[in-house]
Amino acid sequence: MLAYSAALLLLLAVPLAYAEIPEIIVEVETDMAIIESGDPVGVTGMVVDHAYKPIVGADVQVRIGADTASLTTDSNGTFAVEFAGVKRIPSTYTVNVAVTWNELSGVASTQFKVSGDVSAISILEERLSSETAKRYLGANVSDFERDPIGMKLFLHYEKLHEELVAEQKKIEKTPEQIRAEQEIRIAEKMRRAAINEFKPTNGTYGGYAYDQYLSSLNPLIRDLVADQLNFTKNTFENAQKIRDAVIASGGTYEEARKAYHDAISIPRDVLETFNKNATGGNMPNSTK
């Protein structure tokens, strides 16, 4: 009896675990999964009840690190905000959303990735992009004569700024180089936006022009050319799959582009082996 009572007391002392159901449902996503440092980040979402009916007028707090935006849901229960000039070192970052409505609450999060390589400049730029850093860099040393803690912070951010200027001087570029890099960034941004909008699929070798071209060739080489075209098509399709796989697994566009070019680069000995196998070692030397 004593053992039974002890076991009962122990059971009563253990708190029961219940599955927590969110009071309201929040969905959120970013307009771009991968950006470059300094690009804007658009955040959109929807707030609904458990019957999936839109909740109008809910208070929404969206936070990316120290950057915060406050807004309310519209008549469709949706919200949207853009954080301009998000400067971060290359890494993965979380967007947190907290919603309140009539004493009910809900939370959600999503992520985006900043592409590129981590460098001393990118780290310093991120540290100096906070509101605290901007406030101290915009002040004067005389503002902290009676504030020793403020003086230490002022000198700290001044030192970081001097380090950034020194690093930038190491890699000073001509106006032409700067303009070319800006054009490349703009073109890459437009390319990514077009891919997200149109979602193009892999191209194919076929159609009337393809058939007409093959039929115009010397019969002695027609099959060889067709095999070479198919070999090229398969090589490009495989390279595109490799590129897409790199991006899907979280790689940068630079990594995906390198993987793509590596895959489509056909060594001379591989091409010669292919031609030898396709012709049985007898290469025709006339296209007439």
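Counting from 1, residues in each chain are numbered in the order their sequence is written. Confidence filtering applies because this is a predicted model: local features only for residues at pLDDT of at least 70, side-chain atom pairs given and counted only at 80 or more, and all residues used for totals across whole chains, interfaces and linings. The side-chain figures draw on all heavy atoms in the structure; neither hydrogens nor water molecules are used.

**Overview of the packing of aromatic side chains**
Note on ring pairs: Phe, Tyr and Trp rings are taken, using the six-membered ring of Trp, and paired if centres are within 6.5 Å. Classes follow the plane angle, with under 30 degrees stacked, over 60 edge-to-face and the rest tilted. Scanning the entire structure with this criterion turns up four aromatic pairs. Pairwise contacts between aromatic rings join Tyr-136, Phe-144, Phe-154 and Tyr-157 into one cluster.

**Thoughts on the environment of Pro-40**
Relative to the elements of secondary structure, Pro-40 occurs in the loop between β2 (34–36) and β3 (41–48). Between the alpha carbons of Pro-40 and Lys-87 there is a distance of 8.9 Å; along the sequence they are 47 residues apart. Filtering out sequence-adjacent residues up to four positions away, Pro-40 remains in contact with Ile-35, Glu-82, Phe-83, Ala-84, Gly-85 and Lys-189. Each helix corresponds to a stretch of at least 4 residues labelled H or I by DSSP, and each strand to a stretch of at least 2 residues labelled E; elements are numbered beginning at the N terminus. The contact rule is simple, with two residues in contact once any of their heavy atoms fall within 4.5 Å.

**Remarks on the sheet that holds β3**
Reading across from one edge, β1-β3-β6 is the order of the three strands in this open sheet, with antiparallel pairing throughout. The open sheet has two free edges, formed respectively by β1 (25–30) and β6 (78–83), since each of these has just one partner strand. Going from strand to strand, the sheet's axes swing by 15° on average, the running direction of each strand aside. Pairing between strands is defined by DSSP: at least two bridges between the two strands are required. Examined bridge by bridge, β3 and β6 share six bridges and lie antiparallel to one another. Angular values range over 0 to 180 degrees, each being the angle between N-to-C directions of two axes fitted as lines to C-alpha atoms, with helices fitted over their stretch in contact.

**Side note on a negative patch on the surface**
On the surface, a cluster of negative charge is made up of Glu-27, Glu-29, Asp-31 and Glu-82. Looking at the element boundaries, Glu-82 is found in strand β6. Per-residue accessibility, obtained with a 1.4 Å probe over protein chains only, is compared with the maximum for each type, and a residue is labelled buried under 20%, exposed over 50%, and partly exposed between these values. Classification of Glu-82 as exposed rests on a relative accessible area of 53%. Patch construction takes residues with relative accessible area above 30% that form no salt bridge. Like charges are linked within 9 Å, and nonpolar side chains (Val, Leu, Ile, Met, Phe, Trp, Tyr) are linked within 5 Å. Residue burial considers only the protein chains on display, and all accessible areas are found by Shrake-Rupley using a 1.4 Å probe. We define a salt bridge as a contact between a side-chain nitrogen of Lys or Arg and a carboxyl oxygen of Asp or Glu at a distance within 4 Å. Lys and Arg are tallied as positive, Asp and Glu as negative. Neither His nor the chain termini are counted. Taken as the charge centre is NZ of Lys, CZ of Arg, CG of Asp or CD of Glu, depending on the residue.

**Concerning helix α2 (residues 120–127)**
For α2, the complete set of buried residues consists of Ile-121, Ser-122 and Leu-124. Down the axis, α2 shows its buried residues gathered within 165° of arc, on one side only. As for α2, its buried residues are in contact with α4 (148–170). Summarising the geometry, the arc corresponds to the directions from the helix axis toward the C-beta atoms.

**Describing the confidence of the model for the protein chain**
pLDDT expresses how confident the predictor is about each individual residue, on a scale running from 0 to 100. For the protein chain, the mean per-residue pLDDT works out to 77, and 78% of the residues sit at or above 70. Every residue in residues 1–19 scores below 50 in pLDDT, and together they form zero contacts with partners more than four places removed in sequence or on other chains.

**With respect to the packing of α2 against α4**
At a minimum axis distance of 10 Å, the contact between α2 and α4 shows a crossing angle of 150°. Crossing of α2 against α4: the hand is left-handed. In this structure, α2 uses Ala-120, Ile-121, Leu-124, Glu-125 and Arg-127 to contact α4, whose residues at the interface are Tyr-157, Leu-160, Glu-163, Leu-164, Glu-167 and Gln-168. For this classification, the nonpolar set comprises Ala, Val, Leu, Ile, Met, Phe, Trp, Tyr, Cys and Pro, the charged set comprises Asp, Glu, Lys and Arg, and every other residue, Gly included, is treated as polar. Tallied by class, residues from the contact of α2 with α4 come to six nonpolar, one polar and four charged. In this scheme the crossing of two helices becomes right-handed for a clockwise turn of the near helix relative to the far one and left-handed for an anticlockwise turn of less than a right angle.

**Considerations on helix α7 (residues 219–248)**
Structural remark: α-helix, 3.6 residues per turn; residues separated by three or four positions point the same way. With 30 residues, α7 should reach 44 Å at 1.5 Å per residue; the first-to-last C-alpha distance of 44 Å fits that figure. Of the residues making up α7, those classed as buried are Ile-221, Leu-224, Val-225, Ala-226, Thr-235, Ala-239 and Gln-240. Two N or O atoms form a polar contact when they lie within 3.5 Å of each other; inside protein one atom must be a possible hydrogen donor and the other a possible acceptor, and for residues adjacent in sequence the pair counts only when both atoms belong to side chains. Residue Asn-218 occupies the N-cap position of α7, its side-chain oxygen lying 2.9 Å from the main-chain nitrogen of Leu-220. Positioned one or two residues after α7, Gly-250 has a phi angle of 100°, which is positive. The span one expects for a helix is its residue count, reduced by one, times 1.5 Å.

**What to know about unusual backbone geometry**
Of note in this structure, Tyr-52 is not a glycine but carries a positive phi near 60°. Checked against the element boundaries, Tyr-52 lands in the loop between β3 and β4 (59–64). The phi dihedral of Glu-103 is positive, around 65°, even though this residue is not glycine.

**Remarks on the sheet that holds β4**
On the basis of which strands lie adjacent, the open sheet formed by five strands has the order β2-β8-β7-β4-β5 and mixed pairing. Each of the sheet's edge strands pairs with one partner strand only, and the pair in question is β2 and β5 (67–72). Within the sheet, the average angular offset between the axes of one strand and its neighbour, ignoring direction, is 30°. One ladder, built from five bridges, connects β4 with strand β7 (residues 91–101); its direction is antiparallel.

**Brief notes about the pairing of strand β8 (residues 104–115)**
The pairing of β2 with β8 spans three bridges and is classified as parallel. Bridge pairing in β8 places Glu-36 opposite Ser-115. In the sheet, β7 pairs with β8 via 11 bridges, with the strands oriented antiparallel. Note on β8: the bridge partner recorded for Ala-98 is Val-107.

**Quick notes on the environment of Ile-89**
Along the chain, Ile-89 falls in the loop between β6 and β7. Residues Ile-89 and Ile-121, spaced 32 residues apart in sequence, show a C-alpha to C-alpha distance of 9.1 Å. Apart from residues no more than four positions distant in its own chain, Ile-89 is found in contact with Val-114, Ser-122, Ile-123 and Glu-126.

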